[in-house]
Amino acid sequence: MKTKEEKVVKNQAECAQSIRNVIDAMFVLNGKWKLPLIQCISQSAKRFSEIQNEVPISPKVLANELKHLELNNFIKRQVFPTTPVTIIYEATEYCMTLKNVICELDQWGEKHRKVITGK
């Protein structure tokens, strides 16, 4: 197995650890919406309605996904005592560590779409 840096996994224990690492990452980032929401919120802090305008997701699912992202320290939820209450969602520094992963997925997704559609 080789990575982008041409790092070769030398033995079975290293391969097993690599598989565990991928499983752990996929457990936290599972589902259809987490990475798109992270990408959306990483661009700038946003209100619920702004996120919903950018990501085609139902309000109920969005609320649930935002709770999971907050529990896993990917976003901060800031509540401002205005009338009505203003809630802003912002990416954490920890969330920003996914920037390269999301960029790679973006590039791979574009290539895959070309392979499948022939365009």
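Going by the structure above, here's the rest.
All values reported here derive from a predicted model rather than from experimental measurement. (Residues numbered from 1 in each chain as written. Predicted model: local features only at pLDDT ≥ 70, side-chain atom pairs only at ≥ 80, totals over all residues. Heavy atoms only, no water.)

Asker: Looking at this model, I keep getting lost on the sheet that holds strand S2 (residues 75–80). Mind explaining?
Answerer: In spatial order, the strands read S1-S3-S2; together these three strands make up an open sheet with antiparallel pairing. Looking at which strands have only one partner, the edges of the open sheet turn out to be strand S1 (46–47) and S2. Both S1 and strand S3 (residues 86–91) contribute to a ladder of two bridges, which runs antiparallel. What sits directly across from Arg47, in S3, is Ile88. Across the sheet, helix H2 (residues 34–43) touches S1, S2 and S3, and the angle it forms with S3 is around 100°. (Pairing = 2+ DSSP bridges. Helix = DSSP H or I, 4+ residues; strand = E, 2+ residues; numbered from the N terminus. Contact = heavy atoms within 4.5 Å. Axes fitted to C-alpha atoms, helices over the stretch in contact; angles between N-to-C directions.)

Asker: Please clarify how the packing of H2 against helix H4 (residues 59–71) should be interpreted in this entry.
Answerer: For any two helices packed against each other, one specifies the crossing angle of their axes together with the interaxial distance. Packing of H2 against H4 brings their axes to within 11 Å, and their N-to-C directions diverge by 75°. Between H2 and H4, the interaxial angle falls into the category roughly perpendicular. Of the residues in H4, those in contact with Lys34, Leu37, Ile38 and Ile41 of H2 are Leu62, Glu65, Leu66, His68 and Leu69. In the contact of H2 with H4, the residues fall into six nonpolar, one polar and two charged. (Parallel < 35°, antiparallel > 145°, perpendicular 65-115°, else oblique. Nonpolar A, V, L, I, M, F, W, Y, C, P; charged D, E, K, R; others polar.)

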